[in-house]
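Inside the fold
Single-letter residue listing:
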Amino acid sequence: MSLDEVKRRRTFAIVSHPDAGKTTLTEKLLLFGGAIHVAGAVKSNKIKKTATSDFMEIERQRGISVSTSVMEFEHNGYKVNILDTPGHQDFAEDTYRTLTAVDSVIIVIDHAKGVETQTRKLMEVCRMRKTPVIVFVNKLDRPGNDPFELLDEIEKELKIKVRPLSWPISQGPTFKGVYNLFEQKLFLFSGDDKQTVSDDIIEIKDIHSPELDKYTKPYTQKFLEEIELVNEVYPEFDINTYLSGEVAPVFFGSALNNFGVKELLDCFVQIAPYPRPTVTDVRTISPFEDKMTGFVFKIFANMDPNHRNRIAFLKICSGKFERNKPYLHVGLNKTFRFSSPNAFLADKKSIVEFAYPGDIVGLPDSGNFKIGDTLTEGEILNFKGIPSFSPELFRYVENADPLKFKQLAKGIDQLTDEGVAQLFTQKSNGRKIIGTVGALQFDVIQYRLEHEYGAKCRYENFSLHKACWMETTNKSQLDDFRIRKYNNLALDKQGREVFLADSPYSLQMAIEKFPDIKFHFTSEF
Ligand code: G4P
C-alpha cells in the first residue's frame with residue numbers, strides 16, 4: 001500500500017486514570033505493530049504505583065521514559081506514533097501539553113470503575129481542542145458495570161456522545177467475547193492471557209443466524225436484545241461526527257488478554273485523522289505544504305547534572321524535516337542545524353535523516369528551546385494552541401540559600417521553560433508563586449534545583465483555587481477589577497496578567513460582578 005506520507009500518519013496519545021490499563025494497552029499495540037517482541041518491555045518502564053510519594057523514583061524513571069515518550073511503528077501501511085503521557089497518580093502539566101501535539105486520543109476506561117477524575121480532566125483538554133477520541137472499555141474479563149449504564153456515564157461525565165462499535169457478550173467469568181459492529185465479526189474470548197494474535201474470529205454477517213447461538217449460549221437472547229437497543233439508542237456511526245470530536249466510538253475488550261486490541265488498532269488506523277492543519281498567529285498551516293514547520297511541545301532534561309543537555313520534542317506540522325538542514329528558531333531569530341535528531345522506537349533512540357508531518361523528532365538542546373517554540377524554513381510565525389493550563393496547586397517559593405540567588409533564579413527559569421511547573425509573580429509584593437498540577441512536582445523541583453543548579457528553595461503553602469487568564473474589551477471594568485483585586489493579581493512568565501482566585505466562590509463572585517471580563521483556565525482562548 002502506498003499512501004501519501006502525510007495521510008498515512010496517525011499521531012495519538014492513550015490516556016486513562018492510573019490503573020485502567022493504559023500501559024498494558026500501549027504495550028499490546030506495540031506488540032501488534034512489531035515494535036516490541038516481548039510483553040513487559042514498556043511495563044518495566046512504568047513508574048511503579050507504590051512510588052506515588054517517591055520522587056527519587058520519578059527522577060530515575062525520567063531518564064528511562066525519554067525512550068517511551070514517543071513510540072512509533074508501522075501497521076497495515078500506516079505509520080503510527082504513540083505519544084506517551086505520564087501514567088502517574090501525580091500527573092503533571094506535561095500530560096496536558098502532550099495532548100496539544102496529537103491528532104487523536106484513545107481513552108481507556110476500566111469498566112468496573114467507570115469514568116475517574118483524571119480521565120475527566122484530560123477529556124476537557126480534548127474537548128477544548130475538538131480532538132477526536134475513541135474509548136476503549138477495558139477489563140471485560142472481570143465483572144463490571146452494565147455496558148449501557150457505563151455508556152451513559154461516559155456521555156454524562158465526559159460530555160461527549162458515544163457510539164459503540166463493538167459489544168460485549170456477557171462479562172467477568174462468563175465473558176464470551178465481543179461482536180464487532182464495524183466489521184460484523186464475532187470475536188471469541190478465551191482467557192488464557194495469550195500474547196499472540198487471536199485466531200478465534202468468526203465472521204457472522206447476520207447476527208440473527210442460528211450459528212451465533214453456538215458460540216454465545218446462553219447469552220444469545222440477551223445479546224440480541226442489547227444490539228437492538230444499541231441500534232435504537234445510538235445513531236449510525238458517522239465518521240465525520242467522530243472527526244469533529246462530537247461522537248466517540250467505543251470498543252470493549254481486555255488489554256491484558258490481548259482481546260479486542262487488534263480490532264481497535266485496525267479500526268483506529270482507518271478512521272483516525274491524519275495530521276490536521278495547525279493554527280499560527282499569522283495563518284493556518286496545511287500539513288501538505290512543502291516547507292517544514294514544527295513546534296516544541298515537550299522538553300526533557302538530561303539526568304546528568306554535569307551536562308545540562310536536554311531533548312526538545314518537535315512535532316512536525318508541515319513539509320519534510322531533514323537532518324543538517326538549517327531551520328529558523330523564530331523566538332530567538334537564530335538558525336540551527338541538527339546533526340543528530342532522534343526518532344523513537346520503543347526500546348531505543350536512533351538518528352533520523354528526515355521526518356514528516358505528524359512525526360516527532362527529538363532535538364538535542366543545550367538550553368535554546370522552551371515549550372511552544374516554533375521552527376520554520378525562514379517564515380516568521382508562531383504556533384498557537386500550546387497553552388498553559390491553570391495549575392491546581394500553588395506555593396510561594398523562597399530562596400533558602402542567600403548565596404545562591406542567581407542559581408535559584410536560573411534553575412526556576414529553566415525548569416519552568418521545561419514545563420515542570422508554572423511561575424507567577426504576584427503584582428502587589430513581587431513574590432514568586434509556583435503552580436503545578438500534581439503535588440509531587442514540588443518535590444521534583446526542589447530536588448532538581450539542588451542537584452542540577454546547586455540552589456536551595458523553601459516553600460510556603462498558599463491556598464488558591466485557580467489562576468485565570470483574563471479577556472475583555474471593557475477597559476474601565478478591567479481597571480476597576482484591577483483596583484479591587486490588586487492582591488490577587490499576578491503575572492505569568494510571559495507577562496500576561498492572571499487572576500488568582502482563592503476559591504470557586506470568589507471566582508464566581510468575580511464572574512458575576514465583572515460580567516464583561518472573561519476568565520479562562522488556559523492562557524490561549
Ligand atoms: P495504567 O497504565 O493505566 O496505570 O494501567 P496498567 O496497564 O498498568 O494496568 C493496571 C493493572 O490492571 C495491572 O495489574 C494490569 O495487569 C491490569 N490490567 C490491565 N488490563 C487488564 C485486563 O484487561 N484485565 C484484567 N483483569 N486486568 C488488566 P497490576 O496487578 O496492578 O500490575 P501487574 O502486577 O500486572 O504489573
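Since we're looking at a predicted model, the values are computed, not measured.

Rules used in this analysis
- Residues take numbers from 1 onward in each chain, read along the sequence in its written order.
- Local features are withheld for residues below a pLDDT of 70 in this predicted model, meaning they are given only at 70 or higher, and side-chain atom pairs are given and counted only at 80 or more; totals for whole chains, interfaces and linings count all residues.
- Values reported for side chains reflect all heavy atoms of the structure, with hydrogen atoms and water molecules removed beforehand.
- Under the scheme used here, helices are H or I runs from DSSP no shorter than 4 residues and strands are E runs no shorter than 2 residues, and both carry numbers assigned from the N terminus.
- Buried means the residue's accessible area, taken with a 1.4 Å probe over protein chains only, is under 20% of the maximum for its type, while exposed means over 50%, and partly exposed covers the values in between.
- Note on definitions: a residue-residue contact is assigned when non-hydrogen atoms from the two residues lie within 4.5 Å.
- Confidence scores here are pLDDT values: one per residue, from the predictor, ranging 0 to 100.
- Any Lys or Arg side-chain nitrogen found within 4 Å of a carboxyl oxygen on Asp or Glu counts as a salt bridge.
- When DSSP locates at least two bridges between a pair of strands, those strands are taken to pair.
- Lines fitted to C-alpha atoms define the axes here, with helix axes fitted over just the stretch in contact, and angles between the N-to-C directions of these axes take values from 0 to 180 degrees.
- Pairs were defined over the aromatic rings of Phe, Tyr and Trp, the Trp ring being its six-membered one, requiring ring centres within 6.5 Å. Orientation was assigned from the angle between planes: stacked under 30 degrees, edge-to-face over 60, tilted for the rest.
- Note on criteria: charge over ring means Lys NZ or Arg CZ within 6 Å of the ring centre, with the direction from the centre no more than 35 degrees off the ring normal.
- The definition of a nonpolar core used throughout is a set of buried Ala, Val, Leu, Ile, Met, Phe, Trp, Tyr and Cys residues joined through side-chain atoms within 4.5 Å.
- The split into domains, and so the bounds of each, comes from an automatic or database assignment of domains.

**As for the overall build of the protein**
Helix and strand counts for the protein stand at 13 helices and 31 strands. Buried positions account for 56% of the 525 residues belonging to the protein. Restricting the contact set of the protein to residue pairs at least 6 apart, pairs at least 24 apart contribute 73%.

**Side note on the confidence of the model for the protein**
Taken as a whole, the protein shows an average pLDDT of 86; of its residues, 87% reach a score of 70 or greater. For the stretch residues 44-53, pLDDT sits under 50, and the model shows 17 contacts to residues farther than four places along the chain or on other chains.

**Side note on the pattern of salt bridges**
In total, this model carries 35 salt bridges according to the counting rule given. Here Arg-283 and Glu-289 are joined by a salt bridge, their closest N and O atoms 3.0 Å apart. Note on Arg-283: relative accessible area 29%, which makes it partly exposed. If you follow the salt bridges from partner to partner, you end up with Glu-5, Arg-8, Arg-9, Glu-72, Glu-74, Lys-79 and Asp-359 in one network.

**Points about the sheet that holds strand E24 (residues 393-399)**
Each strand in a sheet pairs with its neighbour through backbone hydrogen bonds, running either in the same direction (parallel) or in the opposite one (antiparallel). Taken together, eight strands build an open sheet; the order of strands is E27-E24-E26-E25-E29-E30-E28-E31 and the sheet is antiparallel. Each of the sheet's edge strands pairs with one partner strand only, and the pair in question is strand E27 (457-462) and strand E31 (518-520). On average, each strand axis in the sheet is tilted by 40° relative to the strand beside it, whichever way the strands run. With respect to the sheet, helix H10 (residues 405-417) is in contact with E24, strand E25 (422-426) and E27, its orientation differing from that of E24 by roughly 155°. Contacts from helix H13 (residues 504-513) reach strand E28 (466-471), strand E30 (497-501) and E31 within the one sheet, and its direction differs from that of E30 by about 125°.

**Thoughts on the sheet that holds strand E4 (residues 104-110)**
With respect to topology, seven strands assemble into an open sheet ordered E2-E3-E1-E4-E5-E11-E6, the strand pairing being mixed. Lying at the two open borders of the sheet, with one neighbouring strand each, are strand E2 (70-75) and strand E6 (161-164). Each strand of the sheet is rotated relative to its neighbour by a mean of 30°, with strand direction disregarded. Relative to strand E3 (residues 78-83), E2 runs antiparallel, the two being bridged by six bridges. Each residue of the ladder has a partner; that of Glu-74, found in E3, is Lys-79.

**Quick word on the packing of aromatic side chains**
Counted by the stated rule, this structure contains 26 aromatic pairs. Where Phe-336 meets Phe-369, the ring centres are 5.9 Å apart and the plane angle is 40°; that geometry is what we call tilted. Of the two residues, Phe-336 sits in strand E18 (residues 334-336) while Phe-369 sits in the loop between strand E22 (360-365) and strand E23 (374-376), which places them 33 residues apart along the sequence. Neither Phe-336 nor Phe-369 differs from the other in exposure class; each is buried. A cation over an aromatic ring shows up here: Arg-395 above the ring of Tyr-459, its NZ or CZ 5.4 Å from the ring centre. Geometry around Phe-521 places Lys-466 over its ring, the cationic atom sitting 4.8 Å from the centre.

**Describing the pairing of strand E14 (residues 293-301)**
Counting buried positions along E14 gives nine out of nine residues, so the element sits mostly inside the fold. Direction of pairing for E14 relative to strand E15 (residues 310-318): antiparallel, over a ladder of eight bridges. The residue bridging Phe-300 from the neighbouring strand is Ile-311, located in E15. Sheet analysis places E14 next to E23, joined by two bridges and oriented antiparallel. Directly across from Phe-295, in E23, lies its bridge partner Thr-374.

**Focus on the nonpolar core**
With 80 residues, the main nonpolar core has Leu-99, Ile-107, Ile-154, Phe-223, Phe-321 and Leu-363 as its most contacted residues. Top contributing element to this core by residue count: E15, with six residues. Shared between two domains, this core holds at least three residues of each, these being domain 1 (3-271) and domain 2 (278-376). Among residues more than four places away in sequence, those in contact with Phe-321 are Met-292, Leu-314, Ile-316, Tyr-327, Phe-338, Pro-341, Glu-353, Phe-354, Ala-355, Val-361 and Leu-363. Ranked by size, the runner-up nonpolar core spans 28 residues in total, among them Phe-32, Phe-73, Ile-134 and Tyr-242.

**Section: the pairing of strand E1 (residues 9-16)**
A regular strand carries its side chains on alternate faces of the sheet. Of all eight residues that make up E1, eight are buried, and the element is covered over most of its length. Of the two faces of E1, the one holding Arg-9, Thr-11, Ala-13 and Val-15 and the one holding Arg-10, Phe-12, Ile-14 and Ser-16 are both buried throughout. Where E1 and E3 come together, five bridges link them in parallel fashion. Paired with Ala-13 across the bridge in E3 is Leu-83. The sheet contact formed by E1 and E4 spans five bridges and is parallel. Bridged to Phe-12 within E4 is Ser-104.

**Thoughts on unusual backbone geometry**
A cis amide bond links Lys-217 with the next residue in sequence, Pro-218, at an omega value of -5°. Within the element layout of this structure, Pro-218 appears in the loop between helix H6 (211-216) and helix H7 (220-233). Positive phi, close to 85°, is recorded for Asp-19, a residue that is not glycine. Here Asp-19 is to be found in the loop between E1 and helix H1 (22-32). Even without being a glycine, Asn-76 presents a positive backbone phi close to 50°. With respect to the secondary-structure elements, Asn-76 resides in the loop between E2 and E3. Residue Asn-76 is classed as partly exposed on the basis of its relative accessible area of 45%.

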